[in-house]
Amino acid sequence: MNRWVLRRRLHVSWLIALLGISIVIGVHSAQYVQPSLFASLVWVACGSFVSIVALWRRYMYLVPLIIIGGTIIGLWRGSVQHQELSYAQQLYYKTIVLTGTIQEDIDTDTSGNIVMRLGSLHVGNQAGPGQLWVSAKTDLDIKRSDVVTLEGKVLPGFGSFIGIIYQARITSVERPQPGDVARVVRDWFADKVRTAIPNPESSLGIGYLVGQKRALPADLVEALQIAGLTHVVVASGYNLTILVRLARRLFEKVSKYLATLSASLMIGGFIAVTGMSPSMSRAGLVAGLGLAAWYYGRRFHPIVLLSFVAAVTVMMNPSYAWGDVGWQLSFAAFAGVMILAPLLQVFFFGEKKPSLVRQILGETVAAVIATAPILIGTFGQFSNVAIIANLLVLPLVPLAMLLTFIAGMGAVLIPAWAMVIGWPASWLLGYMITVAEYFSGLSWSVTAIQLSPVGVVGCYVVLILCCFALVKVAKYDLRKSNLVE
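All values derive from a computational prediction rather than experimental measurement.

Focus: the overall build of the protein
Right, on to step 1. Along its length, the protein carries 19 helices and 10 strands.
Right, on to step 2. For 485 residues, the compact-globule formula gives about 23 Å, and the C-alpha radius of gyration of the protein, at 24 Å, lands near that figure.
Right, on to step 3. Dimensions of the protein, computed from the C-alpha atoms along their principal axes, are close to 80 × 60 × 50 Å.
Right, on to step 4. Residue burial in the protein is summarised as follows: out of 485 residues, 48% are buried.
Right, on to step 5. For the protein, the computed accessible surface area is about 23600 Å², with 66% contributed by carbon and sulfur atoms.
Right, on to step 6. Averaging the positions of the 36 positive and the 23 negative side-chain charges in the protein gives two centres separated by 16 Å.

Considering the packing of helix H6 (residues 181-196) against helix H7 (residues 201-210)
Right, on to step 1. Taken N-terminus to C-terminus, the directions of H6 and H7 make an angle of 145°; their axes are 9 Å apart at the nearest point. At the point where H6 passes H7, the crossing takes the right-handed sense. On the side of H6, the interface is formed by Arg186, Phe189, Ala190, Val193 and Arg194, while H7 contributes Ser202, Ile206, Leu209 and Val210.
Right, on to step 2. Taken together, the residues of the contact of H6 with H7 sort by class into six nonpolar, one polar and two charged.

Details of the side chain of Thr260
Right, on to step 1. Within the element layout of this structure, Thr260 appears in helix H10 (residues 256-274).
Right, on to step 2. If we ignore the near neighbours within four places in the chain, the residues touching Thr260 are Leu291, Trp294 and Tyr295.

Re helix H12 (residues 302-316)
Right, on to step 1. In a regular helix each residue adds 1.5 Å, so 15 residues correspond to 21 Å; H12 covers 21 Å between its end C-alpha atoms and thus fits that length.
Right, on to step 2. Listed as buried for H12 are Pro302, Val304, Leu305, Leu306, Ser307, Val309, Ala310, Ala311, Thr313 and Val314.

Notes on the nonpolar core
Right, on to step 1. If you look at the biggest cluster of nonpolar residues, it comprises 53 residues, and the most contacted ones within it are Met116, Leu118 and Leu150.
Right, on to step 2. With sequence-adjacent residues up to four places away left out, Leu118 is seen in contact with Leu98, Gly100, Thr101, Ile102, Gln103, Gly130, Gln131, Leu132, Val134 and Leu150.
Right, on to step 3. Membership of the second largest hydrophobic core comes to 51 residues, among which are Leu209, Ala247, Ala283 and Leu394.

Quick notes on the packing of aromatic side chains
Right, on to step 1. Within this structure, the stated rule accounts for six aromatic pairs.
Right, on to step 2. Both rings, one in Trp133 and one in Tyr166, keep their centres 5.6 Å apart while their planes meet at 65°; by these two values the pair is edge-to-face. Here Trp133 is found in strand E5 (residues 131-136), whereas its partner Tyr166 is found in strand E8 (residues 161-174), with 33 residues between them in sequence.

Observations concerning the pattern of salt bridges
Right, on to step 1. Summed over all chains, the structure comprises eight salt bridges.
Right, on to step 2. Glu151 is the partner of Arg169 in a salt bridge, and the nearest nitrogen-oxygen pair spans 2.6 Å. In this pair, Arg169 is assigned in strand E8 and Glu151 in strand E6 (residues 147-153), connecting sequence segments 18 residues apart.
Right, on to step 3. Glu151 sits in the partly exposed class, given a relative accessible area of 27%.
Right, on to step 4. Put simply, Asp141, Lys143, Asp146, Arg175, Arg183, Arg186 and Asp187 are held in one network by salt bridges that share partners.

Regarding the confidence of the model for the protein
Right, on to step 1. Looking at the protein as a whole, the pLDDT averages 82, with 92% of positions reaching at least 70.
Right, on to step 2. Mean pLDDT across the secondary structure elements of the protein bottoms out at helix H1 (residues 3-6), with 52, and peaks at helix H18 (residues 423-440), with 92.

A short note on unusual backbone geometry
Right, on to step 1. Cis peptide bonds are those with omega within 30 degrees of zero, and the linkage from Asn199 to Pro200 qualifies with 0°.
Right, on to step 2. For Pro200, the position within the fold is in the loop between H6 and H7.
Right, on to step 3. In this structure, Tyr93 is a non-glycine residue whose phi angle is positive, near 65°.
Right, on to step 4. Tracing the chain through its elements places Tyr93 in the loop between helix H5 (63-85) and strand E1 (95-102).

Some words on the environment of Tyr295
Right, on to step 1. For Tyr295, the position within the fold is in helix H11 (residues 278-295).
Right, on to step 2. Overall, Tyr295 belongs to the partly exposed group, its relative accessible area being 28%.
Right, on to step 3. For the pair Tyr295 and Lys256, spaced 39 residues apart in sequence, the C-alpha to C-alpha distance is 6.9 Å.
Right, on to step 4. Discounting chain neighbours no more than four positions away, the residues touching Tyr295 are Lys256, Tyr257 and Thr260.

Quick word on a nonpolar patch on the surface
Right, on to step 1. A cluster of nonpolar side chains, Leu246, Leu250, Phe251, Val254, Tyr257, Leu258, Leu261 and Leu265, forms an exposed patch at the surface whose accessible area comes to about 770 Å².
Right, on to step 2. If you list the elements that add at least two residues to the nonpolar patch, you get helix H9 (237-251) and H10.
Right, on to step 3. Top contributing element to the nonpolar patch by residue count: H10, with four residues.
Right, on to step 4. Looking at the secondary structure, you find Tyr257 in helix H10.
Right, on to step 5. The exposure class of Tyr257 is exposed, given its relative accessible area of 52%.

Description of helix H13 (residues 325-349)
Right, on to step 1. If you check H13, its first and last C-alpha atoms are 33 Å apart, about what 25 residues at 1.5 Å a residue would give, namely 36 Å.
Right, on to step 2. Residue Gly336 marks the point of greatest curvature in H13, where the axis turns by about 35°.
Right, on to step 3. Of the residues one or two after H13, Gly350 is the one with positive phi, at around 85°.

Section: the packing of helix H16 (residues 397-413) against H18
Right, on to step 1. With their axes 9 Å apart at the nearest point, H16 and H18 run at an angle of 145° to one another. Crossing handedness for the pair H16 and H18: left-handed. In this structure, H16 uses Val397, Leu399, Ala400, Leu403 and Thr404 to contact H18, whose residues at the interface are Pro424, Ala425, Leu428, Leu429 and Met432.
Right, on to step 2. When the residues that make up the contact of H16 with H18 are grouped by side-chain class, the tally is nine nonpolar, one polar and no charged.

Let's talk about the pairing of E8
Right, on to step 1. As judged from the five bridges shared by E5 and E8, these two strands associate in the parallel manner. Considered in E8, the bridge of Gln131 is made with Phe161.
Right, on to step 2. Where E6 lies against E8, five bridges are found, and the strand directions are antiparallel. Looking at E8, one finds that Leu150 is bridged to Ile170.
Right, on to step 3. Two strands pair when backbone bridges link them, and strand E7 (residues 155-156) and E8 are joined in this way by two bridges, in the antiparallel orientation. Across the sheet, residue Leu155 finds its bridge partner in E8, namely Ile164.

Rules of the game
One numbering rule holds for all chains: residues counted from 1, following each sequence as written. Reporting of local features is limited, given that this is a predicted model, to residues whose pLDDT is at least 70; pairs of side-chain atoms are given and counted only at 80 or more, and all residues count toward the totals for whole chains, interfaces and linings. Side-chain calculation: all heavy atoms of the structure are included, whereas hydrogens and water are not. Numbering of helices and strands starts at the N terminus; helices are DSSP runs of H or I of at least 4 residues and strands are runs of E of at least 2. Radius of gyration means the value over C-alpha atoms here, while the globule rule gives 2.2 Å times the residue count to the 0.38 power. Per-residue accessibility, obtained with a 1.4 Å probe over protein chains only, is compared with the maximum for each type, and a residue is labelled buried under 20%, exposed over 50%, and partly exposed between these values. Calculation of accessible area relied on Shrake-Rupley with a 1.4 Å probe; when residues are assessed, cover is drawn exclusively from the protein chains displayed. We count Lys and Arg on the positive side and Asp and Glu on the negative side, and we leave His and both chain ends out. Note on charges: their place is set at NZ of Lys, CZ of Arg, CG of Asp or CD of Glu. In this description, a line fitted to the C-alpha atoms serves as the axis of each element, helices being fitted only across the stretch in contact, and the angle between N-to-C directions of two axes falls anywhere from 0 to 180 degrees. By the definition used in this description, the sense in which the near helix is turned from the far one sets the handedness, with an anticlockwise turn below a right angle giving left-handed and a clockwise turn giving right-handed. The criterion used for residue contact is that any of the two residues' heavy atoms lie within 4.5 Å. Gly counts as polar in this scheme, as do all residues outside two lists: the nonpolar Ala, Val, Leu, Ile, Met, Phe, Trp, Tyr, Cys and Pro, and the charged Asp, Glu, Lys and Arg. To estimate how far a helix should reach, multiply one less than its number of residues by 1.5 Å. Take the buried residues of types Ala, Val, Leu, Ile, Met, Phe, Trp, Tyr and Cys, join any two whose side-chain atoms come within 4.5 Å, and each joined set is a nonpolar core. Paired rings are identified among Phe, Tyr and Trp, the last through its six-membered ring, by centres lying within 6.5 Å, and are further divided according to the angle between planes into stacked (under 30 degrees), edge-to-face (over 60) and tilted (the rest). Within this document, salt bridges are pairs made up of a side-chain nitrogen of Lys or Arg and a carboxyl oxygen of Asp or Glu, the two lying within 4 Å of each other. The score called pLDDT rates the predictor's confidence residue by residue, from a low of 0 to a high of 100. A patch is a set of surface residues, each over 30% in relative accessible area and not in a salt bridge, joined within 9 Å for like charges and within 5 Å for the nonpolar side chains Val, Leu, Ile, Met, Phe, Trp and Tyr. Two axes enter the definition of the bend at a residue: one is fitted to the seven residues ending there, the other to the seven starting there, and the bend is the angle between them. Being paired, for any two strands, means DSSP has found at least two bridges between them.

Shown next as structure tokens:
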């Protein structure tokens, strides 16, 4: 490499992207090293110093400093978290009494047990970070944000959970006042929707509107999973994107400031209602940054935005990078929609703005391709009907959300006419359930495939090379991609 290339100055956004990727790699690697090696603040000071030098000078030959600095920062953050979580290992295979706060909505497993995700843990007088996965058999009314005291045997965790307790015995449940106001409002409105729309249609509509899938019947959850439609009823970027785009387009002609303010309120309100899950932390940050860029007339390159958001989220919670499938799928789907989808559109159809159906089909195909390696590697199966099922359902999701909201408001304002006002939503949601059940019932709907971790990495290497090839052939500027437009 000649001297001119080495002294070429790089754009700061690409260095930030490289820094973000290095931080994620460092956090991920921290689980394989001795925590005490990198837990000192000296390391983060060293990593920050070399990173700042490289960002300030921006020469090509300083790129290794960015990689080293980001990796050191990631190793420090992961080691600190790893050291804090080491207390959980002392509890394994012991029966303990602990108190924790329920972080997300309650699930129900196939055996009828409730499934809780507990944070803000206290064992006796000792407080600790991390989350526990807990199942229990109880008739108690337990909601998100409740403080639960329980007894059970702690087993080694999985993914981002530091431990598991099966069949815990719940001794007390405390609901703080005023507590989780957003959850209370959401549940109140969901009850109104149920008076206007029968089940399971009402549960599906509530899932679309506020990302609450916990009330869905088990057979419908399975049908949605097989048909590849689960992503539209969990708290995800798709639901949030619909709301943000709606708010922006409604007020854009009035005032750019008002459009940004209303969309920002949508982001904050939706996250408050659904809870801060790994996918929502990613979706909220991406939507917020995209909205800010639109307001100031700027554009983020998707790779820069993806790496920056990934680094921020793993710095907030390193366990996301240690095996949280929801976090991984969220970023893979985002990369598919923001990078692969527009490249495929331009490659096959040119730069003409795609129609709604073509855009949804392209984004669906791209998201399926981008998430397939993770899904196959984790669950050992692949949905053969996901693309066609999504094409039949996704274009109608915004309308379903609107009709569900109208049905709920009708139940609030005119209770006697609730069923009549809710009929259009009931019909449309019934159609969507029929689609999911039909495609999930086909004998060839799912293919069982095994893929090792090395195979998953290999698939993404091939996919990344294909994207580079498409960029070169299509000559498309990915900065034109923006989720809020």
